[in-house]
Amino acid sequence: AQSVTQLGSHVSVSEGALVLLRCNYSSSVPPYLFWYVQYPNQGLQLLLKYTSAATLVKGINGFEAEFKKSETSFHLTKPSAHMSDAAEYFCAVSFPYSGGGADGLTFGKGTHLIIQP
Amino acid sequence: GAGVSQSPSNKVTEKGKDVELRCDPISGHTALYWYRQSLGQGLEFLIYFQGNSAPDKSGLPSDRFSAERTGGSVSTLTIQRTQQEDSAVYLCASSFRTRNTGELFFGEGSRLTVL
């Protein structure tokens, strides 16, 4: 069964500093990988996704993530943090050939990103 | 509508009462999901509907929880005899499941507080 691990329930960075949110997955077949963001009192929205094309994926708001098969990782980065980036970030994994059912999409527990002025 | 709509946005109830939460998915989306988000627990899958197929209820935590989807569109999540541990944000999402890209579109959630 697939699983997703997000290292660090809380990450704090200074405004203008590099943002790095870690995500590792476990699966026996090549996955699809996603990062979702949840701003306060809102639902989740898709930041970016990897679906077996380019391993470096660019998303909205200057975020990007790199799929590294050898490390089973899909870490999220942004070169320079902005106050508006403060939110909860969820990594998720899915499979292109799953027969159905919502267990085709598994979420990590989330990382709360705090931006220090 | 343009996005997934959930109501009520906030619900406060007393222990033992029943509650109903509503989700109106994006028009044309065949798949609908309910998740529960508790503080520090991430997203817990509850139930999944896909077209006219039997729903995947494997995530429902107890028989006090049930959901239905009428006409392949609007869904209602019902919690009977609510308990304090049911307090959470209940998120609904929809998608074009047949594309199987895993991209879900979420509503803003219904925050349930059980006193």
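Residues numbered from 1 in each chain as written. Chains lettered and ligands numbered in written order. Predicted model: local features only at pLDDT ≥ 70, side-chain atom pairs only at ≥ 80, totals over all residues. Heavy atoms only, no water.

**Overview of the nonpolar core**
All names here are of chain A.
Then, in step 1: Within the largest apolar cluster, 27 residues are counted, with the highest numbers of intra-cluster contacts made by Trp 35, Leu 48, Leu 76 and Tyr 89.
Then, in step 2: Mapped by element, the contributors of at least two residues to this core are β2 (10–14), β3 (19–26), β4 (32–38), β5 (44–50), β7 (64–68), β8 (73–78), β9 (87–94) and β11 (111–116).
Then, in step 3: Setting aside chain neighbours within four positions, we find Tyr 89 in contact with Gln 6, Leu 21, Trp 35, Tyr 36, Val 37, Leu 47, Phe 63, Leu 76, Gly 110, Thr 111 and Leu 113. (Core = buried A, V, L, I, M, F, W, Y, C linked by side-chain atoms within 4.5 Å. Buried < 20%, exposed > 50% of the residue type's maximum accessible area, 1.4 Å probe, protein only. Helix = DSSP H or I, 4+ residues; strand = E, 2+ residues; numbered from the N terminus. Contact = heavy atoms within 4.5 Å.)

**Some remarks on the pattern of salt bridges**
Residues and elements named next belong to chain B.
Then, in step 1: Under the definition given, this model contains five salt bridges over all chains.
Then, in step 2: For Arg 36, the salt bridge identified is with Glu 44, shortest N-O distance 2.9 Å.
Then, in step 3: Judged by relative accessible area, which is 9%, Arg 36 ranks as buried.
Then, in step 4: Here Asp 86 ties to Arg 64 by a salt bridge, and the two come within 2.8 Å at their closest N and O atoms. (Salt bridge = Lys/Arg side-chain N within 4 Å of Asp/Glu carboxyl O.)

**Describing the confidence of the model for chain A**
Then, in step 1: Overall, the prediction assigns chain A a mean pLDDT of 88, with 91% of residues at 70 or greater.
Then, in step 2: Within chain A, no element has a lower average pLDDT than strand β10 (residues 105–107) of chain A, which sits at 82, and none a higher one than β2 of chain A, at 97. (pLDDT = per-residue confidence, 0-100.)

**Examining the pairing of β11 of chain A**
The two faces of the sheet receive side chains in turn, since in a regular strand these alternate between them.
Residue and element names in this part refer to chain A.
Then, in step 1: Judged by which residues are buried, β11 turns out to be one-sided: Thr 111, Leu 113 and Ile 115 face inward and are buried, whereas His 112, Ile 114 and Gln 116, on the alternate face, are not.
Then, in step 2: Of the strand pairs in this sheet, β2 and β11 are connected by five bridges, and their pairing is parallel. Note on β11: the bridge partner recorded for Ser 14 is Gln 116.
Then, in step 3: Taken together, the three bridges between β9 and β11 define a ladder with antiparallel strand orientation. What sits directly across from Tyr 89, in β11, is Thr 111. (Pairing = 2+ DSSP bridges.)

**Brief notes about the state of the cysteines**
Residues and elements named next belong to chain A.
Then, in step 1: Counted by the stated rule, this structure contains two disulfides over all chains.
Then, in step 2: Paired by a disulfide, Cys 23 and Cys 91 hold their sulfur atoms 1.9 Å apart. Its S-S torsion of approximately -65 degrees makes the covalent link between Cys 23 and Cys 91 left-handed. Here the residue Cys 23 occupies a position in strand β3, and Cys 91 occupies one in strand β9, the gap between them amounting to 68 residues. (Disulfide = S-S within 2.5 Å.)

**Some points on the environment of Pro 31 of chain A**
Then, in step 1: Position of Pro 31 of chain A among the secondary structure elements: in the loop between β3 and β4.
Then, in step 2: For the pair Pro 31 of chain A and Ser 94 of chain A, spaced 63 residues apart in the sequence, the C-alpha separation amounts to 5.7 Å.

**Structural notes on the packing of aromatic side chains**
Then, in step 1: Taken as a whole, this structure holds 13 aromatic pairs over all chains when the rule is applied.
Then, in step 2: Between the aromatic rings of Phe 63 of chain A and Tyr 89 of chain A, the centroid separation amounts to 5.5 Å while the plane-to-plane angle is 45 degrees, which identifies the pairing as tilted. Placement of Phe 63 of chain A in the loop between β6 (56–58) and β7 and of Tyr 89 of chain A in strand β9 is noted, with a sequence separation of 26 residues between them. Judged on exposure class, the residue Phe 63 of chain A and its partner Tyr 89 of chain A are both buried.
Then, in step 3: A centroid spacing of 6.3 Å and a plane angle of 20 degrees characterise the contact between Tyr 33 of chain B and Tyr 35 of chain B, whose relative ring orientation is stacked. The two residues Tyr 33 of chain B and Tyr 35 of chain B agree in class, both being buried.
Then, in step 4: In this structure an aromatic cluster arises from ring pairing among Phe 34, Tyr 36 and Phe 107 of chain A together with Tyr 33, Tyr 35, Phe 45, Tyr 48 and Phe 106 of chain B. (Phe/Tyr/Trp six-rings, centres within 6.5 Å; stacked < 30°, edge-to-face > 60°.)

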